[in-house]
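# Summary of structural features
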Amino acid sequence: MIVAASARNVAIVGGGTSEWGERDATWKDLAQEGGKATFDAVPGVGPDDIEGLFVGTVQPERFAYQSHVAPMVAELLGIEVTEMTARTELACASGQAALRYAWLAIAAGQLDTALVLGVEKMNLGREHMPEMQASMANVLDREFDGVNGLSAPPFFAWYAQRHMHEHGTTREQLSLVAAKNKSHAANTDFAQYRSEIDPEDVTESPKIAPPLHLYDCSGITDGATGVILMSEEKAREVTDTAAWITGSGQSSMAGNSINNLPSFSGWPQARKASQNAYEQAGIEDPLEEIDIAEVHDCFSISEIIEYEELGFCERGEGGQFIEDGRSQIDGDVAVNTRGGLLGCGHPLGATGVSQALEVTRQFNGDVESDRQVDDPTTGLIHNLSGSGSVHSVMVLDRDPQ
Amino acid sequence: MTDADTNGGNTERERVSVPDEVELPRLLDFYELQTEDQTQIHEFYENLRDGQLTTTQCTDCEAIHFPPRIVCPKCTSDDLEYVDLPHEGELFAFSEVRGGLPMGLSEHDVPYVVGVVDLGPVRLSGRVDDAAYSDLEIGDPVSLKIVEIDGPTDEERVFYRFEPQDGDSR
Ligand SMILES: [Zn+2]
């Protein structure tokens, strides 16, 4: 991909979050909490400054019985959008899609200040869990895949099974990922699961979809998180410590249903998307240059595959990578310091936004000291969506370059 | 405000109601409607009703598709024909769902096995009936079976599933 020489630098100047979890709150309540937290965290920016509003959310039609939600957020937060607004839907990457559109709009000179807000209301009461699961099963081809009762846990269980079969990845290595991320979340004040766990606890939790256990799975989560993106000129007026977007890549294969996936042990699109982003950001050796990575650990196996596809290790060596401790906070690359999806939960549309906020806060030294990475300068966020047919990668840096 | 405005006193409030239950609406049905007046891949479903799994093949570029199409994604031709697929294949991957049953799939009692079956020309997802996770291994031979679907329409509908070749059901 060619990045236009005229593209402007874009910064994430800050943001805020609601509490995540099983919340006694509606979609609209969450949107207001996330919006307020965002404006409170960025003193120089208020609703009057917002020219572009991008709302990442996956299934408000099914989970909140509401569509046309971007204008609803504009109303709730008192934003008169002068330039551009839309709700973005890309399943589990919806928040990152919103970030990517806001970045592009500012880089292209269409606007200077955007609010990106990710919101999801998923807990509808225990008795309505089957409705939630049905909605989630439809991110695959409903007619030929969803119809088989193929929800996310068995789908990602296949990847765990095939990765173990093809590469000798062990059950213990999966547990190490889950224990790392859930334990990180013990130091994250908004996270859904705030308890440290041991690897043995993972295999002692119920088998949800073997070989995956309950603790290998991310949560069903309500939450909202926002960030403010600004052009360089505006960003300099409000902060000295922004996270600059230096690369953003995305790749989708011509396939989303099961017959059209080339692999059940790898994600070629994650490799392509990250290579695009690295090229834009001038990154040649990701393991050497990236200090903090917020990656899409919807299931423990996902993070192992992502070590490989994002270029932190060779294909098939992701299990060894976690076993050697290289993705720990004091390792070669700190992966999922806030606790990932496994620890924070996964309010679909809010996840990508929360990842970007974590990297921004890490740059500022503004997270709980137990999860603070030592002087990070370069970060990455990654999300897959649906059947893993689409991958989105964004590189953030303390300097605009 | 007055008492009359709020009905806050002794006056009876008017009641409105919403239904306690609705029948599973067609729009929340996982299975597609299968007839010629509903879908342009009705021939796939007609062949399946007649006992044969088929899919489309492009007569221009010879690509075999699954799921069946009306336009070839390889060359955009719409000159496609239905070809037979094998009814026997190998289990490529599988898991067993033990909770979190999606609504609208009442025939899927948990636990149920769902897997990827390699039929040769295509590799597709499917239910594996009459089997438990602990009984299965990658590479196990499985056979296609066809099931009839009851409700929520009056239309007679069918779908495919798989079962182990050496299973009890044979
Ligand atoms: Zn063709």
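Quick caveat, the model's predicted, so the values are computed rather than measured. (Residues numbered from 1 in each chain as written. Chains lettered and ligands numbered in written order. Predicted model: local features only at pLDDT ≥ 70, side-chain atom pairs only at ≥ 80, totals over all residues. Heavy atoms only, no water.)

So, on to the overall build of chain B. Along the backbone of chain B there are two helices and seven strands. For chain B, the N- to C-terminal ordering of α and β elements is α-α-β-β-β-β-β-β-β. At 23 Å, chain B has a C-alpha radius of gyration far larger than the 15 Å of a compact globule built from 170 residues. With respect to the three principal axes, the spread of C-alpha positions in chain B is 75 × 45 × 30 Å. Residues counted as buried form 42% of the 170 residues belonging to chain B. Nonlocal contacts in chain B, meaning residues at least 24 apart in sequence, comprise 52% of its contacts between residues at least 6 apart. For chain B, the accessible area works out to roughly 9,800 Å², and carbon and sulfur atoms hold 42% of it. (Helix = DSSP H or I, 4+ residues; strand = E, 2+ residues; numbered from the N terminus. Rg over C-alpha atoms; globule rule 2.2 N^0.38 Å. Buried < 20%, exposed > 50% of the residue type's maximum accessible area, 1.4 Å probe, protein only. Contact = heavy atoms within 4.5 Å. Areas by Shrake-Rupley, 256 points an atom, 1.4 Å probe, with all protein chains shown as cover.)

Further remarks concern the coordination of the zinc ion. All names here are of chain B. For the zinc ion, every protein donor is listed as Cys-58 (SG), Cys-61 (SG), Cys-72 (SG) and Cys-75 (SG), and the spread of their distances is 2.3 Å. Around the zinc ion sit four donor atoms, and with donor-metal-donor angles ranging over 102 to 116° the site reads as tetrahedral. Mapping the donors of the zinc ion onto the primary sequence yields the spacing C-x2-C-x10-C-x2-C. (Donors = N, O, S within 2.8 Å, 3.2 Å for Na, K, Ca; no water. Tetrahedral: all angles 85-135°; square planar, octahedral: opposite > 155°, others 65-115°.)

This part is about the domain arrangement of chain B. Residues and elements named next belong to chain B. Taken domain by domain, chain B holds domain 1 (31-85) and domain 2 (86-170). Counting residues at the interface gives 18 residues for domain 1 and 19 residues for domain 2. Taken over both partners, the interface formed by domain 1 and domain 2 buries close to 1,600 Å², and the fraction arising from carbon and sulfur atoms is 70%. Area buried by domain 1 at its contact with domain 2 is led by Tyr-31, Leu-48 and Leu-85, which between them contribute 42% of it. At the junction of domain 1 with domain 2, the criterion picks out zero salt bridges. On the surface where domain 1 and domain 2 come into contact, there are six residue pairs in polar contact (both at pLDDT 80 or more). With four residues, helix α2 (residues 42-49) is the single largest residue contributor to the side of domain 1 that touches domain 2. Residues of the side of domain 1 that touches domain 2, tallied by class, amount to nine nonpolar, six polar and three charged. (Domains from an automatic or database assignment. Buried area = accessible area lost by both parts, 1.4 Å probe. Salt bridge = Lys/Arg side-chain N within 4 Å of Asp/Glu carboxyl O. Polar contact = N/O pair within 3.5 Å; in protein donor to acceptor, adjacent residues only side chain to side chain. Nonpolar A, V, L, I, M, F, W, Y, C, P; charged D, E, K, R; others polar.)

Here we take up the side chain of His-42 of chain B. Residues and elements named next belong to chain B. Relative to the helices and strands, His-42 resides in helix α2. A relative accessible area of 17% means that His-42 is categorised as buried. Once residues lying within four places of it in the same chain are set aside, the contact partners of His-42 are Gln-34, Thr-35 and Glu-36.

This next bit is on the packing of helix α1 (residues 27-41) of chain A against helix α3 (residues 69-77) of chain A. Residues and elements named next belong to chain A. Where α1 meets α3, the closest approach of the two axes is 10 Å, and the angle between their N-to-C directions is 60°. When the axis of α1 is compared with that of α3, the two are oblique. Considering how the two elements wind past one another, α1 and α3 form a crossing that is right-handed. Counting all contacts with α1, which are made through Trp-27, Lys-28, Ala-31, Gln-32, Gly-35, Lys-36 and Phe-39, the residues of α3 involved are Val-69, Met-72, Val-73, Leu-76 and Leu-77. A class-by-class count of the residues in the contact of α1 with α3 yields eight nonpolar, two polar and two charged. (Axes fitted to C-alpha atoms, helices over the stretch in contact; angles between N-to-C directions. Parallel < 35°, antiparallel > 145°, perpendicular 65-115°, else oblique. Left-handed = near helix turned anticlockwise from the far one by under 90°.)

Our focus in this paragraph is the interface of chain B and chain A. Contacts between the two partners involve 40 residues from chain B and, on the opposite side, 36 residues from chain A. Taken together, the two surfaces of chain B and chain A that pack against each other cover about 3,100 Å², and 57% of this comes from carbon and sulfur. Between the two partners, chain B and chain A, sit one salt bridge. Taking the shortest distance from any N to any O, the salt bridge between Glu-32 of chain B and Arg-142 of chain A comes out at 3.4 Å. Remark: the boundary between chain B and chain A carries 17 residue pairs in polar contact (both at pLDDT 80 or more). Mapped onto the side of chain B that touches chain A, the elements with two or more residues apiece are α2, β3 (88-97), β4 (112-118), β5 (123-128) and β7 (157-164) of chain B. Among the elements that take part in the side of chain B that touches chain A, β3 of chain B stands out by supplying six residues, more than any other. Taken together, the residues that form the side of chain B that touches chain A break down as 26 nonpolar, seven polar and seven charged.

Moving on to the UniProt feature "domain: Thiolase C-terminal" (unreviewed entry) in chain A. In the numbering used here, UniProt assigns the feature "domain: Thiolase C-terminal" (unreviewed entry) to residues 256-398 of chain A. The span residues 256-398 of chain A shows a helical share of 38% and a strand share of 15%, and its end C-alpha atoms are spaced 36 Å apart. (UniProt positions renumbered as here; feature names shortened; annotations may be inferred.)

Residues and elements named next belong to chain A. Throughout the structure, instances matching the rule amount to one cavity of 30 Å³ or more. The calculated volume of the largest cavity comes to roughly 30 Å³. Residue lining of the largest cavity: Tyr-159, Met-253, Leu-261, Pro-262, Ser-263, Gly-266, Trp-267, Pro-268, Ser-387 and Gly-388, and that is the complete set. Looking at the lining of the largest cavity, its residues break down into six nonpolar, four polar and no charged. (1 Å grid on protein atoms, 1.4 Å probe; cavity = no way out; pocket = protein on both sides within 12 Å on 5 of 7 lines; lining within 4 Å. Points joined across faces, edges and corners; volume = space filled by probe spheres on them.)

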